[in-house]
Amino acid sequence: MFLKHGSISRTTAYVVHHLNDNTHSEIQVPSTMEQPIGEGVESTEYLLEDSKKWPQYLAATLATLFAVCVGTVDGWTSPALPLLQDCELSRGYNSSNDSFHHVITDDEASWIGSLAPLGGLIGAMPAGYLANIIGRRQLLLFLTVPLLLGWMTIIIAQDSVPSLYIARFILGVACGAATVATPLYNEEIAEVRVRGALGVNMDMMFNVGILYIYIIGVLDSYLWLSISACIIPAIFAVTFFWMPESPIFLVSKGETDKAETSLCWLRGLGKMKNIDIERELNQMKKFVNDSLSKKSKQVTENTRCGVFKEYIADLSVTSPTAKAVKIIFGLMIFQQLTGIDAVIYYTVDIFNEAGTSLSSSVCAIIVGILQLISTYIPSLIVDRAGRRILLILSELGMAVSLLVLSLHFTMQNNHVDVSWAGWIPLIAVNTFIIAFSIGFGPLPWLIMAELLSTEAKVWVSSMAACLNWSLTFAVTKLFPIVNRDFGPAVTYGGFCFVCILGTAFVIYFVPETQGKSREDIQLELIGK
């Protein structure tokens with residue numbers, strides 16, 4: 001057995017924010033089992049020699065099946081909207097039914113696309129609180145209900161626009177809540193040696209969902225597209241039901257025996273008692289007790305007005321929290337205003353407008369495959385190359401891709417023969433997706449966790465998530481309207497300009513956090 005010093009990334013901030021001091025008694029930690037934390041070390045984490053990785057991978061993989069569900073919701077509009085706007089019902093619904101159906105307008109299509117992220121904004125708000133009330137596992141299982149309800153509504157509604165609006169909003173609520181609960185569960189079940197790999201797993205599974213729905217879209221059947229998407233949450237519910245609850249959550253509720261059972265299973269030790277398990281469990285208890293003590297002190301020593309003043313002080317212009325908020329919000333803004341969700345939601349439409357020589361559905365599948373593969377790139381190089389250089393390369397790569405796409409549409413609008421260059425939009429979109437995936441896709445969330453102190457992490461993270469979903473809604477709602485009124489050349493040119501601004505923002509404002517302790521980062525934000 002050995003001890004590894006490092007930062008504990010278990011989300012104790014959520015525990016601090018939501019635990020009720022009046023209902024939870026202090027959890028006793030045997031003094032003989034407590035391990036000292038050396039000076040200058042943020043926290044400790046125990047690695048178990050005899051533990052196995054596969055139960056953690058299994059639980060995390062099944063949990064991130066929900067990310068596949070989120071990917072299907074995000075990717076559904078790309079093949080579905082062209083079918084809904086097709087006047088031939090045989091393509092839109094079923095080859096055996098030749099009756100006429102309502103052809104949705106561009107404005108209706110934009111609402112169908114954008115109501116899911118609007119629902120995501122609403123769903124993300126209470127998700128952290130609910131996860132601490134009913135548990136991470138229970139919340140994820142409960143969220144399958146609105147997912148199934150949403151997809152069943154789409155299947156039954158067919159071309160009823162109001163029903164499609166309601167269904168997309170319901171699906172978005174479930175997805176928004178899942179984006180909070182899923183990473184929380186994966187983080188709390190994992191040992192430090194596999195936590196990074198499990199973190200990448202969620203992004204990968206999200207892209208699996210997008211690719212899956214793109215492949216089904218090749219069938220040109222709106223009915224089977226929706227049925228295929230409905231199958232995934234059902235599989236998730238049946239398989240994830242057998243996974244244990246987060247041991248951190250169980251400890252926070254005082255259910256120590258259940259927490260120990262969960263931890264033993266996750267470490268591959270069955271029901272066998274192990275001194276390493278006891279030490280890891282008592283470390284969890286210590287963190288929970290520290291969180292409870294800190295919250296109790298705040299409640300007894302400060303009035304609500306005093307707590308509010310502390311938050312205001314945290315946001316003073318010179319405070320590290322205020323500087324972190326500016327950087328995080330800037331990254332979130334540039335992440336969404338690059339147009340990534342517009343590309344994902346309307347991939348098929350983009351290729352149809354570009355007049356590419358390949359089938360638009362085939363092009364969408366190629367995009368999905370490359371997006372899935374590129375998910376692995378950050379995990380391989382982020383700790384070697386650094387955050388800033390990846391962000392800069394990401395923005396520059398997206399800017400060049402969008403510029404090429406804008407020039408292609410400009411030539412097309414000026415009646416220049418571009419039939420010989422039908423492959424250019426495919427290359428440009430794929431380069432855009434790869435550039436986004438190596439930098440501005442995963443890194444804003446990572447940098448957010450690195451810049452924030454424990455006290456600020458809960459409320460700033462919630463605000464950042466709401467900002468992100470709000471921008472996603474705005475982009476997906478306005479993209480088809482702007483694209484129609486101003487043309488794709490201007491639309492993609494505008495996204496290109498945003499990428500250039502984002503590059504300047506990273507160069508001048510975003511600090512490098514690679515290889516720095518949290519104390520060093522906070523001191524750098526202070527200016528010392």
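As shown above, the structure is provided for reference.
Residues numbered from 1 in each chain as written. Predicted model: local features only at pLDDT ≥ 70, side-chain atom pairs only at ≥ 80, totals over all residues. Heavy atoms only, no water.

Taken as a whole and judged by the stated rule, the model has 2 salt bridges. Measuring nitrogen to oxygen at the nearest pair gives 3.5 Å for the salt bridge that ties aspartate 107 to lysine 477. With aspartate 107 in helix 5 (residues 106-134) and lysine 477 in helix 23 (residues 454-486), this pair connects stretches of sequence that are 370 residues apart. On the basis of relative accessibility, which here comes to 36%, the residue aspartate 107 falls in the partly exposed class. A residue is classified by how much of its surface remains accessible, and lysine 477, at 9% relative accessible area, is buried. (Salt bridge = Lys/Arg side-chain N within 4 Å of Asp/Glu carboxyl O. Helix = DSSP H or I, 4+ residues; strand = E, 2+ residues; numbered from the N terminus. Buried < 20%, exposed > 50% of the residue type's maximum accessible area, 1.4 Å probe, protein only.)

The next thing to look at is the packing of aromatic side chains. Under the defined criterion, the tally for this structure stands at 13 aromatic pairs. Pairing phenylalanine 409 with tyrosine 492 gives two aromatic rings, centres 5.7 Å apart and planes at 20°, and the pair type is stacked. You can see phenylalanine 409 sitting in helix 20 (residues 387-413) and its partner tyrosine 492 sitting in helix 24 (residues 488-509), a full 83 residues away along the chain. A ring pair is formed by phenylalanine 479 and phenylalanine 495, whose centres lie 6.3 Å apart and whose planes are at 20°; its orientation type is stacked. Taken together, the residues phenylalanine 479 in helix 23 and phenylalanine 495 in helix 24 connect sequence positions 16 residues apart. Using a relative accessible area of 5% as the deciding quantity, one classes phenylalanine 479 as buried. (Phe/Tyr/Trp six-rings, centres within 6.5 Å; stacked < 30°, edge-to-face > 60°.)

Bringing the nonpolar core into the picture now. Membership of the largest hydrophobic core comes to 117 residues, with the highest contact counts inside it found for Phe66, Trp76, Trp151, Phe240, Ile328 and Leu331. Examining the composition of this core, we find that 13 residues originate from one element, helix 8 (residues 161-189), more than from any other. Apart from residues no more than four positions distant in its own chain, tryptophan 151 is found in contact with Thr72, Val73, Trp76, Leu171, Ser226, Ala229, Cys230 and Pro233. Counting residues in each nonpolar core, the second largest holds 11 residues, with Phe249, Ala259, Leu281 and Met284 among its members. (Core = buried A, V, L, I, M, F, W, Y, C linked by side-chain atoms within 4.5 Å. Contact = heavy atoms within 4.5 Å.)

Attention now moves to the state of the cysteines. Evaluated as defined, the whole model comprises 0 disulfides. Not engaged in a disulfide, the cysteine cysteine 499 finds its nearest cysteine sulfur in cysteine 496; these two sulfurs lie 6.5 Å apart. (Disulfide = S-S within 2.5 Å.)

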